[in-house]
Number of protein chains: 2
Amino acid sequence: MEDYKEYFPKSKKVYFDHATKSLPPSVSLINLKPSRNYNHSFSEIARSNQKLYLSIKSKLSQITGLNKDNIALLPNRNIALNLIFHSLKLNGQNTVITSISEDTSIITPMIKLFDISFFEKSDSEYTDIDILIYSCIDNITGQIKSFDKKNKDQIKIIDASFNLLTYNVKKHNADIIIAELSIDALSPLPLCMIFIGEAYAKLQNPFPSDGNIQSYNKNRYIFHNDISSMELGLIDYNVLHAFEKALDFSLQIGMKNIFDYKSSISKYLQSKLSHISNLSVLIFPHLQNDILSHLSIQVSNAHDINLLLDEISNIEVRSGELCSQIGISHYGLDNLIRISWHLSTSKNDIDYLIDELIRIFEILN
Amino acid sequence: MEDYKEYFPKSKKVYFDHATKSLPPSVSLINLKPSRNYNHSFSEIARSNQKLYLSIKSKLSQITGLNKDNIALLPNRNIALNLIFHSLKLNGQNTVITSISEDTSIITPMIKLFDISFFEKSDSEYTDIDILIYSCIDNITGQIKSFDKKNKDQIKIIDASFNLLTYNVKKHNADIIIAELSIDALSPLPLCMIFIGEAYAKLQNPFPSDGNIQSYNKNRYIFHNDISSMELGLIDYNVLHAFEKALDFSLQIGMKNIFDYKSSISKYLQSKLSHISNLSVLIFPHLQNDILSHLSIQVSNAHDINLLLDEISNIEVRSGELCSQIGISHYGLDNLIRISWHLSTSKNDIDYLIDELIRIFEILN
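Reading the values: the criteria
Residues numbered from 1 in each chain as written. Chains lettered and ligands numbered in written order. Predicted model: local features only at pLDDT ≥ 70, side-chain atom pairs only at ≥ 80, totals over all residues. Heavy atoms only, no water. Pairing = 2+ DSSP bridges. Helix = DSSP H or I, 4+ residues; strand = E, 2+ residues; numbered from the N terminus. Phe/Tyr/Trp six-rings, centres within 6.5 Å; stacked < 30°, edge-to-face > 60°. Buried < 20%, exposed > 50% of the residue type's maximum accessible area, 1.4 Å probe, protein only. Salt bridge = Lys/Arg side-chain N within 4 Å of Asp/Glu carboxyl O. Polar contact = N/O pair within 3.5 Å; in protein donor to acceptor, adjacent residues only side chain to side chain. Contact = heavy atoms within 4.5 Å. Axes fitted to C-alpha atoms, helices over the stretch in contact; angles between N-to-C directions. Left-handed = near helix turned anticlockwise from the far one by under 90°. Nonpolar A, V, L, I, M, F, W, Y, C, P; charged D, E, K, R; others polar.

Peer 1: Explain the sheet that holds strand β11 (residues 294-298) of chain A to me, using residue names and the numbers behind them.
Peer 2: All names here are of chain A. The strand order across the open sheet formed by three strands is β11-β14-β13, and the pairing between neighbours is antiparallel. Because the sheet does not close on itself, it has two edges, and the strands there are β11 and β13 (318-319). Two strands pair when backbone bridges link them, and β11 and strand β14 (residues 336-340) are joined in this way by five bridges, in the antiparallel orientation. Note on β14: the bridge partner recorded for H294 is S340.

Peer 1: Any chance you could break down the packing of aromatic side chains for me, citing the residues and the numbers?
Peer 2: All names here are of chain B. Overall, the coordinates contain 10 aromatic pairs over all chains when judged by the stated rule. On the numbers, 5.0 Å between centres and 85 degrees between planes, the contact of Y4 with Y261 is edge-to-face. Highlighted residues: Y4 in the segment before β1 (14-15) and Y261 in helix α6 (residues 255-274), separated in sequence by 257 residues. Each member of the pair, Y4 as well as Y261, is classed as buried.

Peer 1: Requested: an account of the pattern of salt bridges, with residues and values cited.
Peer 2: According to the stated counting rule, one finds 26 salt bridges over all chains in the structure shown. With its nearest N and O atoms 2.6 Å apart, the salt bridge here joins K256(A) to D260(A). A residue pair is termed a helical-turn pair when its members lie 3 or 4 positions apart in one helix, as K256(A) and D260(A) do in helix α6 (residues 255-274) at four residues. With a shortest N-O distance of 3.3 Å, K262(B) and D184(B) are connected by a salt bridge. Highlighted residues: K262(B) in helix α6 and D184(B) in the loop between β7 (176-180) and β8 (192-196), separated in sequence by 78 residues. Residue K262(B) is classed as buried on the basis of its relative accessible area, which comes to 2%. By relative accessible area, D184(B) is classed as buried at 1%. A single network of salt bridges, built from pairs that share partners, joins K13(A), D310(A) and E316(A).

Peer 1: Could you give an account of the side chain of S99(B), naming the residues involved and the relevant values?
Peer 2: Residues and elements named next belong to chain B. For S99, the location among the structural elements is in strand β3 (residues 96-99). Side chain to side chain, S99 and E102 meet in a polar contact 3.0 Å long. Setting aside residues up to four positions removed in sequence, S99 forms contacts with F118, F119, I133, Y134 and K145.

Peer 1: Any details on the packing of helix α7 (residues 302-313) of chain B against helix α9 (residues 347-364) of chain B? Residues and values, ideally.
Peer 2: When two helices pack together, their arrangement is given by the angle between the helix axes and the distance between those axes. All names here are of chain B. Two elements in contact, α7 and α9, have axes whose closest approach is 10 Å; the angle formed by their N-to-C orientations is 115 degrees. Two packed elements cross with a definite hand, and for α7 against α9 that hand is right-handed. From α7, I305, L308, L309, I312 and S313 reach across to α9, where they touch Y352, L353, E356, L357, R359, I360, F361, I363 and L364. Looking at the contact of α7 with α9 residue by residue, the classes come out as 11 nonpolar, one polar and two charged.

Peer 1: Help me get a handle on the sheet that holds strand β6 (residues 156-161) of chain B, residues and values and all.
Peer 2: All names here are of chain B. Across the sheet, which stays open at both edges, the seven strands sit in the order β2-β8-β7-β6-β5-β3-β4 with mixed pairing between neighbours. Two strands bound the open sheet, and with one partner strand each, they are β2 (71-74) and β4 (116-119). With direction set aside, neighbouring strand axes in the sheet form an average angle of 20 degrees. Where helix α4 (residues 104-113) meets the sheet, it contacts β3, β4, β5 (131-134) and β6, and its direction lies at approximately 145 degrees from that of β4.

Peer 1: Describe the pairing of β6(B), listing the residues and the values that go with them.
Peer 2: All names here are of chain B. Of all the six residues making up β6, six are buried; the element is thus mostly covered by neighbouring parts of the structure. Burial along β6 is two-sided: K156, I158 and A160 facing one way and I157, D159 and S161 facing the other are all buried. Where β5 and β6 come together, four bridges link them in parallel fashion. Paired with I133 across the two strands is I158, which belongs to β6. Two elements, β6 and β7, share four bridges in a ladder whose sense is parallel. Looking across to β7, one finds that D159 is bridged to I177.

The following block contains the structure:
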């Protein structure tokens, strides 16, 4: 097998922008249609949704190695992060740090709640903190970040990542994980997973809802005290149904194969980029065994190049602030292009991107 | 025009249970399919959702007379009510009352937060309270409830109603309204509207999310301080699209016509029920000009009758605790059948229901 193109829908465009475009396999898109009988009552819908939730959690568990009983599904990362803050009773008294290149949608809920500090390279100086929130895959460079928790057991680590399948979560020491599922996990529409580790599993029930009631009698309601109490209201059945097909697809390809393929694409792209002679590469990770999902290059006129790639070449990349306004402005990086790839990316796509980049550099010079 | 049947999909069943079955017009169901081009990026989806939000708010404003700028859309009533509690910074110190026949999904979030009291008939004795939360249409009897706010300006009234279109919100003094849109407003899938009156309009921004950012610079993020800050994350485009068609339908029929038609159905049903000689009617509102959406009758073996109506007659009604466990148990009402109706209900449907009820009473006696 050369690549996985045949499993993805044909498209006029070549996408190297995972942050704004989900690239689900065809088998998932085909299932993204109302398959429910609309004569069903809400309770029937709720029951079939419940089955899907359980099946999806079990498959997410197979893929990540995380305990399925500690996984909840929510509509998006903002609701998830806010619920976790609420559940952990975090407030302005807590010392919080986050990484300088963090994604805006992660930083935003914190800005209102905390005086946050940013860590850059060394993590050893941070001792007197309660919570660290960051995406384990750097939003700008694509490199895997880690935080040395040694002798810092009191710190809760929340990984609010865009990525899920490209790293082995066991290698990594998050207590709580918030993962958008439309990127690595191939959901065709936004969907979010939260994982709450054993140490914090009993802290939830952040927002009571009628779905949380386990039993009641005349004077007393008893609530579930498991992760399902995080799941407020229904997520659309069609999204869940289509997402399950995407999970089946990933399980069928096999996680090791996905990892190896993305790693080979990563190396191929880095090697190709290193041969462009007049490319001023500022953020450019060294070739390494660790898998990358994306990388950024610094060029002059990033925005013009982005537009020309789109209009002339039908290629989508990302330029601008990469949803990392604080990091971008801190480092003075105003001319970045971010390139991301997935199983749907082929070596032919990379060849085409490199050819078109060179062509556009020539037009602009 | 005799009735509005032609605008609704044909169904094997006759539904008299609005709490578990949405009955949208055909024009809405037809539009409940993925109409979005899935080659669109998330930002394109977000932009088209944004347009739909504005259009829907404007139409909800036409229908309710509420200011469109004070309306927000959320996935469900539990998220909405929790967000409002959070936004108003309500806690265990607040004195809260609610009605005895309240819906469980409204009571549940309160149970965890407050020592709540229940009001029954007279509201004059309540002076030392902060918040009153109730559905303006009684969950058991279907009658319109009101609370006399005279000289009690400090009380915030939150109407957490299942109903929206059957009452004129101007007659009624809620400061905040939470309305499920799948019943009266004919949304084919669960969807929720919140309205926050002028007095509290600036209290929101309960949960910051990246969609709330108005502008930022290096050191500071400025957030929207309007109702849109309540809208965390996207509601599925297809649901919104189909709901807008349902609103267009209601506007086309005209609110006065809808009101008059439902009122005539209500009177017709009450008159028919009053002629069943051996029906022990305990909860049975007197004929009145106020519109009813549903009413409850007390029968022996409510659950058996419910099952027989379903199996023999293809009629769905609701029996059991009607999601009002506290009121039902307080009043000792254990054999209720609740009958609800809408524009999709015809006088023929009522005739059929009455005939089948009589037939089943005869079978059981």
